[in-house]
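A look at the structure
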Amino acid sequence: MSARDAILKRIRAQATAGSGRGDRAKAVADRLAKHPHGVIPQRGQLEPAERVKLFIAKAEGVQATVQSVKSGDDVPKAVATYLRSRNLPASIRIGGDKRLKAMPWDKQKALEVKTGPSDGDDLAGVSHGLCGIAETGTLMLTSGPDNPTTINFLPEHHIVVVDAADVEGTLEDAFARLRKASRRKGMPRAVNLVTGPSRSGDVEQKIILGAHGPKALHILVVGKAK
Amino acid sequence: MQITSPTFKKNARAALDDRQLQRALGNVRSGFIEKRAQAAAGLPEFEELRDRARDIKNHTLAHLDLYLEAYENAVAEAGGKVHWAQTAADARGIVLDICRRAGARTVTKGKSMITEEIGLNEFLEYSGIEPVETDLGEYIIQLRGEHPSHIIAPAVHVNKDQVEEDFRRVHTHLPPSRDLSEPEDLLGEARRVLRSRYFEADVGITGANFLVAETGSSIIVTNEGNGDLTQTLGKVHIVMASIEKVVPTLEDVSQILRVLARSATGQEMSVYTTLSTGPRREKDPDGPDEYHVVLLDNGRSSMLGTEFQEMLRCIRCGACMNHCPVYHTVGGHAYGWVYPGPMGAVLTPSLVGVDKSGHLPNASTFCGRCEAVCPMRIPLPKMMRHWREREFERGLNPATQRYGLKGWAFFAKRPRLYRFATSMAIPILSAFGGAKRRFSWLPLAGGWTKHRELPAPESRTFMQQWAQREALKQEARP
């Protein structure tokens, strides 16, 4: 007997004690197909404008910095200003995201824009988030050529652009959006839920930012909530 | 790893005398409890979410075979492979095969308790493959040749000056004059040293907090980002997970995530919650070429249907040990195996046998704080009591204890005799209590009174006082 069959057999010996396999199979198939909601915190159930406010407050509460800009056209300037204010070289790394590509980077004459996955030498990377989650100030980022995962973790400064209209109230709302976005091509290889910059408390339980991932997380919220 | 649970008493004695350890344990007592309390109070639905989280796991465990099959199918659909391992040795063999096929010389590792359970690091080293721990706490204890003393804060027993010594001893390529006096310096140095290791590694191994049957995803919940670098930069990603990690859907994960971080570190959400589903897609510019999941049983399926089944709800948040007065006093290493604290006291006998770890369920005052804070509402004291019963049934505890208990049982089963005996003994003890009203020494209990004093009893028994109080009440009635 294979290890797989032996393990399943032992489990089944207990599980089938109550009801028949047919009933159980239906219960499982139903739950997977309908994925019922559980308890949804009141805090995340808000009107769009309030949602964006809570998202910003929660993100700042976990040491992210947040800036609102009117439109995508304002993003390159905001990025350049951020880099200057942190005394960083005028250079960023981005993926192939169409929304990022459409922004007027060429107007920032001194800014170098490298594309593709990070090689570990970039000090700043820019990604476009799939959505924000207001209840905890979390960003949802998905892997792929548009926004390579390495940009989320290797640069010291991670700048994430998210549309105000894409700020969801709760984790369940964000997963519903993910499910919709991956209906045709399936789940992306990696989905990163990011809540503030990297940190560690492993030396005497003192929290220090910038463990292995970014030391700083800067969020640019674009446009108005809809 | 070598199990030292049979010498728990000796381990605990040594821990009490270890000044570095006692200093470090102060960080557990002061930090975790208040942070969790604040986080729980900050979410009005917290208690309701705990109920829901418990129910999700109960449902999943009742249909574990079907959810594991659904999960395996979903992993395969995403291009990954699930390997089933009945024992620790099977799991080690599977990992080694994958590493050999990848031609691996070094593997990076994210934090994983089940790789500790199966002794993976020692085995890989023995097989000529270098494992590199990348979580800061795990890295520190790997340098020290130790094992984790806490399931989410593996180096909680170590102080900063000890870490500095270890870094100076191992990082000899760096200038000896460098300043390492602050935790920031130590973290910065580990970050720089480990950066190159991610790129050199052929295989990245991580654990899993959840496996999602609906999508075939494995999920890690971390704060540092090392787990993500480990699984993104290696050519091969191996996920080590035990069978009870599976949950049905993303909605179910959402429920449990809300209680996990709050119970563990007091965060509303850990910094990185990452869902990994299969290997790199055709157009992906990064990510591993292969995605493997090693599903470990190692005794868990035999817990189903027993009084220890509820332990399989555990999500490894560490709240039980953070709130345990015994853990606070002796730390994690005294428990003698991988899982310390109350969850370890229940799980260890299930996985390695009560004959080797019978001391652990006894190392509890039954104060009940562990159950009160457990996000999955696992009745830990009740299960420790079950182990004590089994230990007694099998005659594993010492003869003096057995006869003592039998003697006590003789009186306890005869209430009139019991009352008579106590009514004689209590006034005598009370009379000998002295001005301090405390005993610093008692015959036959010298071991107990060596470290604490026994308060002298009141001059009458509880039953006598009760009877008197009731009589007074009767009199007071008109």
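As a convention, each chain's residues are numbered from 1 in the sequence order in which they are written. Whichever chain is written first becomes A and whichever ligand is written first becomes 1, with later ones labelled in order. Side-chain atom pairs in this predicted model are given and counted only at pLDDT of 80 or more, local residue features only at pLDDT of at least 70, and totals for whole chains, interfaces and linings cover all residues. Side-chain numbers come from the whole structure's heavy atoms, not from hydrogens or water.

For helices the rule is a DSSP run of H or I covering at least 4 residues; for strands it is a run of E covering at least 2, with both sets numbered from the N terminus onward. Of the regular secondary structure elements, chain A holds seven helices and 12 strands. In terms of overall dimensions, chain A has C-alpha extents of about 70 × 40 × 40 Å along its principal axes. When burial is assessed residue by residue, chain A has 55% of its 226 residues classed as buried. For the accessible areas, the method is Shrake-Rupley and the probe is 1.4 Å, while residue cover comes only from the protein chains on display. On chain A, roughly 9,700 Å² of surface is accessible, and the fraction owed to carbon and sulfur atoms is 51%. The averaged location of the 24 negative side-chain charges in chain A is 5 Å from the averaged location of its 36 positive side-chain charges. Accessibility here uses a 1.4 Å probe with only protein chains present; expressed as a share of the type maximum, an area under 20% marks a residue as buried, one over 50% as exposed, and anything in between as partly exposed. His is not counted here, nor are the chain ends, while Lys and Arg score as positive and Asp and Glu score as negative. Where a charge lies is defined by one atom per residue type: Lys uses NZ, Arg uses CZ, Asp uses CG and Glu uses CD.

This part takes up the nonpolar core. Among the nonpolar cores identified, the biggest contains 128 residues, and I238, M311 and Y339 of chain B are the most heavily contacted of them. Aside from chain neighbours lying at most four places away, what touches M311 of chain B is M303, M343, V346, L347, I378, L380 and M383 of chain B. Definition used in this section: a nonpolar core is a set of buried Ala, Val, Leu, Ile, Met, Phe, Trp, Tyr and Cys residues joined via side-chain atoms within 4.5 Å. Membership of the second largest hydrophobic core comes to 44 residues, among which are L141 and V160 of chain A together with L136 and L233 of chain B. The contact criterion used throughout is that any non-hydrogen atoms of two residues lie within 4.5 Å.

A few words on helix α7 (residues 171-181) of chain A. One full turn of an α-helix is made of 3.6 residues, so residues set three or four places apart face in the same direction. Within the span of α7 of chain A, buried status applies to L171, E172, A174, F175 and L178 of chain A. Viewed along the axis of α7 of chain A, the buried residues span an arc of 160°, placing them on a single side of the element. What points out from α7 of chain A, more than 90 degrees from its buried face, is the exposed set K180 and A181 of chain A. In this fold, the buried residues of α7 of chain A make contact with β5 (131-133), β6 (138-142), β8 (167-168) and β9 (190-194) of chain A together with α12 (250-264) and β9 (272-276) of chain B. The directions from the helix axis to the C-beta atoms form the arc being described.

Let us look at helix α4 (residues 64-77) of chain B. All names here are of chain B. Under the convention used throughout, the expected extent of a helix is 1.5 Å for every residue step, that is, one less than its residue count. An ideal rise of 1.5 Å per residue puts 20 Å on 14 residues; α4 measures up with 20 Å between its terminal C-alpha atoms. In terms of residue burial, α4 counts as a mostly covered element, since 11 of its 14 residues are buried. Listed in full, the buried residues belonging to α4 are L64, D65, L66, Y67, L68, E69, A70, Y71, E72, A74 and V75. Just past α4, the residue G79 takes up positive phi, approximately 95°.

Okay, a nonpolar patch on the surface next. Residue and element names in this part refer to chain B. Among the surface-exposed residues, W408, F410, F411, L417, Y418, F420 and M424 lie close enough to one another that they form a single nonpolar patch of about 710 Å² accessible area. Sorting the residues of the nonpolar patch by element identifies α20 (399-412) and α21 (415-432) as the ones contributing at least two each. When residues of the nonpolar patch are assigned to their parent elements, the largest contribution, four residues, is made by α21. Inspection of the secondary structure assignment puts Y418 in helix α21. Candidates for patches are residues over 30% relative accessible area with no salt bridge; among them, like charges are joined within 9 Å and nonpolar side chains (Val, Leu, Ile, Met, Phe, Trp, Tyr) within 5 Å. Put simply, a salt bridge is a Lys or Arg side-chain nitrogen that is within 4 Å of an Asp or Glu carboxyl oxygen.

Glancing now at the side chain of D286 of chain B. With respect to the secondary-structure elements, D286 of chain B resides in the loop between β9 and β10 (290-296). Within the buried set, D286 of chain B has no salt-bridge partner at all; the shortest N-O distance to an opposite charge, 4.5 Å, is to R189 of chain A. Under the rule applied, a polar contact is a pair of N or O atoms within 3.5 Å (in protein, one hydrogen donor and one hydrogen acceptor; residues adjacent in sequence only if both atoms are side-chain atoms). A polar atom in the side chain of D286 of chain B sits 3.2 Å from the backbone nitrogen of T149 of chain A. Contacts of D286 of chain B, omitting those with residues within four sequence positions, involve P117, P148, T149, T150 and R189 of chain A together with R280 of chain B.

Moving on to the domain arrangement of chain A. By the assigned domains, chain A splits into domain 1 (1-36) and domain 2 (39-222). Domain borders in the structure are assigned automatically or taken from a domain database. Placing a centre on the C-alpha atoms of domain 1 of chain A and another on those of domain 2 of chain A gives a separation of 40 Å.

So, about the interface of chain A and chain B. On the chain B side, the residues contacting the 74 residues of chain A number 97 residues. Carbon and sulfur atoms make up 58% of the surface buried where chain A meets chain B, a total of about 7,300 Å² over both sides. Buried area is a sum: the accessible area each of two parts loses on coming together, probed at 1.4 Å, counted once for each and added. Taken as a group, R31, R189 and H212 of chain A account for 13% of the area that chain A buries against chain B, more than any other trio of residues on that side. The tally of links from chain A across to chain B stands at 13 salt bridges. The shortest N-O distance in the salt bridge between R179 of chain A and E251 of chain B comes to 2.8 Å. The tally of links from chain A across to chain B stands at 48 residue pairs in polar contact (both at pLDDT 80 or more).

A few words now on the domain arrangement of chain B. Accessible area lost when the parts come together is the quantity often used to give the size of an interface. Examined at the domain level, chain B breaks down into domain 1 (43-298) and domain 2 (412-476). Relative placement of domain 1 of chain B and domain 2 of chain B: their C-alpha centres are 54 Å apart.

Now for the packing of aromatic side chains. All names here are of chain B. Side-chain rings of Phe, Tyr and Trp (the six-membered ring for Trp) are treated as a pair once their centres are within 6.5 Å; stacked means planes under 30 degrees apart, edge-to-face means over 60, and tilted covers the remaining angles. If you walk through the whole model with that rule in mind, you get eight aromatic pairs over all chains. Taken together, a centroid distance of 6.0 Å and an interplanar angle of 65° make the contact between Y139 and F167 edge-to-face. Of this pair, Y139 sits in helix α8 (residues 136-144) while F167 sits in helix α9 (residues 160-170), placing them 28 residues apart in sequence. The two residues Y139 and F167 agree in class, both being buried. Centroid distance F308 to W387: 4.1 Å. Interplanar angle 10°. Geometry classified as stacked. Of the two residues, F308 is situated in the loop between β10 and α13 (319-322) and W387 in helix α19 (residues 380-393); the sequence distance between them amounts to 79 residues. Note on F308: relative accessible area 2%, which makes it buried. One aromatic cluster in this structure is built from F8, Y327 and Y335.

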